[in-house]
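Each chain is listed here by its residues.
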Amino acid sequence: MPELPEVETIKNDLLPTVVGHRFTRVDILDPEIVRQPGIAEFCHRLVGQRVEGLERRGKYLIFRLSSGAALILHLKMSGSLLFNPRQIDPYARAVFYFDDGSRLVFADPRRFGVMWLVEDVETVVGKLGPEPLAPGFTPEVLLKLLSQRRAPIKAVLCDQDLIAGIGNMYADEALFRANIHPLRRANSLCWREVKRLHSAIRQVLETAIGNKGASTDTYVRPDGQLGTAHSSFCVAHRGGEPCPVCGTPVERIALRNRGTYFCPRCQPGSPS
DNA sequence: CCCGGAACCTGAAGGC
DNA sequence: TGCCTTCAGGTTCCGG
């Protein structure tokens, strides 16, 4: 599942290969993947544009174009970007061709992935909360966000309008490292817990970026390599396995229809 | 506004 | 072998 570390890795991998090149052709194989504008206009306005920059915001990937417009991609749960793949991917939804002969394939088995071509990036990413790795994201900022919510802390961490980029797996990992039960109400955390959580969020995300993302499911890097971040996960996707700290079996509960993994001994307490 | 649940989608994996 | 259920989960929509 591409979350912040996976999208950051894809951005870093693609940066040297696409920046400075022009789109010469775009094939849309699944019309559902284009959210805005219509397909014909999307292709027409993209072809001929040079990529001036590549950025990440939350889980969104943003291609800055020479016209001033931007191509924005969201991989959702199962999307991947493949650069010059050897074989045709059976789940290819769109193919971009560049002026140096290279091509970029947007593949997505579950068909949730989407793209926009917009003049103003803010119309797509405008409601996102702060970047958790930006200097301005301090423990004080986190405390303020959490103090306004009484939903379970796990659900709040995954809310993109509050903090951008954290998804199911990294929320579980951050809460484990901070020794906080996922069902605790967000506004019940004390200052020490907020500081621990702030530090845990940054550690978990930075470590995962260093490991080039987590290949738990369909995620691959543009060159086809897998990320290795999942091998150092403590609880995420590890139901029944022993906690690496105390040996207690990792528990799995459902929260908002999402698997939530935690250690009942290292993350004690329940709601309230 | 806040919160929780369902829906969208499809393949893998496990049970019987 | 084959059918059925569960799991995976980012985002959006809807009802309370």
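Everything below is about the structure shown above.
The rules we used
- Residues numbered from 1 in each chain as written.
- Chains lettered and ligands numbered in written order.
- Predicted model: local features only at pLDDT ≥ 70, side-chain atom pairs only at ≥ 80, totals over all residues.
- Heavy atoms only, no water.
- Helix = DSSP H or I, 4+ residues; strand = E, 2+ residues; numbered from the N terminus.
- Buried < 20%, exposed > 50% of the residue type's maximum accessible area, 1.4 Å probe, protein only.
- 1 Å grid on protein atoms, 1.4 Å probe; cavity = no way out; pocket = protein on both sides within 12 Å on 5 of 7 lines; lining within 4 Å.
- Points joined across faces, edges and corners; volume = space filled by probe spheres on them.
- Nonpolar A, V, L, I, M, F, W, Y, C, P; charged D, E, K, R; others polar.
- Domains from an automatic or database assignment.
- Near = heavy atom within 4 Å.
- Polar contact = N/O pair within 3.5 Å; in protein donor to acceptor, adjacent residues only side chain to side chain.
- Axes fitted to C-alpha atoms, helices over the stretch in contact; angles between N-to-C directions.
- Left-handed = near helix turned anticlockwise from the far one by under 90°.
- Contact = heavy atoms within 4.5 Å.
- Pairing = 2+ DSSP bridges.

Asker: Can you walk me through unusual backbone geometry in this structure?
Answerer: Outside of glycine, negative phi angles account for most residues, and trans bonds account for most peptide bonds. Omega for the peptide link from Gln-36 to Pro-37 comes to -10°, which places this bond in the cis form. Within the secondary structure, Pro-37 is located in the loop between β2 (34-36) and α2 (39-46). Despite not being glycine, Asn-257 shows a phi value in the positive range, around 65°. Position of Asn-257 relative to the elements: it lies in the loop between β10 (251-255) and β11 (258-262). Of the residues examined, Asn-257 reaches a relative accessible area of 74% and is grouped as exposed.

Asker: In this structure, what is going on with the layout of surface pockets? I would like to understand it.
Answerer: A water-sized probe, rolled over the atoms, reveals where empty space remains. Put simply, the largest pocket is a space of about 790 Å³. Forming the boundary of the largest pocket are 28 residues, of which Lys-59, Met-77, Gly-167, Asn-168 and Arg-258 lie nearest the centre. Elements represented by at least two residues in the lining of the largest pocket include exactly α5 (153-157), α6 (168-177) and β11. A per-class count over the lining of the largest pocket returns 13 nonpolar, eight polar and seven charged. A domain-level breakdown of the lining of the largest pocket finds at least three residues from each of domain 1 (4-125) and domain 2 (139-262). When its volume is computed, the second largest pocket comes out at roughly 230 Å³. Counted by class, the lining of the second largest pocket contains seven nonpolar, three polar and three charged residues. Shared between two domains, the lining of the second largest pocket takes at least three residues from each, and those domains are domain 1 (4-125) and domain 2 (139-262).

Asker: Would you explain the protein's contact with DNA strand C in this entry?
Answerer: Around DNA strand C there are 16 residues in total, and His-74, Met-77, Phe-112, Arg-252 and Tyr-261 lie nearest to it. Of what DNA strand C places within 4 Å of the protein, 60% of the atoms are sugar or phosphate. At 2.2 Å, a side-chain N or O of Arg-252 approaches a phosphate oxygen of DNA strand C. Between DNA strand C and Arg-258 there is a distance of 2.6 Å, counted from a base oxygen to a side-chain nitrogen or oxygen. A total of three residues in the surface near DNA strand C trace back to one element, the largest contributor, which is β11. Per-class residue counts for the surface near DNA strand C are four nonpolar, six polar and six charged.

Asker: Sorry, what's going on with the packing of helix α1 (residues 4-18) against helix α7 (residues 191-210) here?
Answerer: Between two packed helices, the angle of one axis relative to the other and the distance separating the axes together describe the packing. Taken N-terminus to C-terminus, the directions of α1 and α7 make an angle of 35°; their axes are 9 Å apart at the nearest point. Crossing handedness for the pair α1 and α7: right-handed. Along the contact surface, α1 presents Leu-4, Pro-5, Glu-8 and Thr-9, while α7 presents Leu-205, Ala-208 and Ile-209. The residue makeup of the contact of α1 with α7, split by class, is five nonpolar, one polar and one charged.

Asker: Sorry, what's going on with the protein's contact with DNA strand B here?
Answerer: Around DNA strand B, the neighbouring residues are Tyr-91, Pro-109, Arg-110, Arg-111, Phe-112, Arg-149, Arg-150, Ala-151, Pro-152, Arg-256, Asn-257 and Arg-258. Backbone atoms, meaning sugar plus phosphate, form 62% of the atoms of DNA strand B positioned within 4 Å of the protein. Residue Arg-149 places a side-chain N or O atom 2.8 Å away from a phosphate oxygen belonging to DNA strand B. Contact distances for DNA strand B include 3.4 Å between a base nitrogen and a side-chain N or O atom of Asn-257. Residue composition of the surface near DNA strand B, grouped by class: five nonpolar, one polar and six charged.

Asker: Help me understand the side chain of Glu-193, please; the structure alone is not making it clear to me.
Answerer: Relative to the assigned elements, Glu-193 resides in helix α7. Glu-193 sits in the buried class, given a relative accessible area of 13%. There is a polar contact of 3.0 Å between the side chain of Glu-193 and the side chain of Arg-184. Reaching out from Glu-193, the side chain makes a polar contact with the backbone nitrogen of Cys-190 at a distance of 2.9 Å. Residues contacting Glu-193, with those up to four places away along its chain left out, are Ile-180, Arg-184 and Ser-188.

Asker: What's the story with the sheet that holds strand β6 (residues 80-83) in this structure? I'm lost.
Answerer: The strands making up a sheet are joined through hydrogen bonds of the backbone, oriented either antiparallel or parallel. Ordered in space as β1-β7-β8-β6, the four strands form an open sheet in which the pairing is antiparallel. Sheet topology places β1 (23-28) and β6 at the edges, where each strand pairs with a single neighbour. Adjacent strand axes in the sheet meet at a mean angle of 15° when their direction is disregarded. The pairing of β6 with strand β8 (residues 103-107) spans four bridges and is classified as antiparallel. Counterpart to Ser-80 in the pairing with β8 is Ala-107.

Everything listed is a geometric property; what it means functionally is a separate question.
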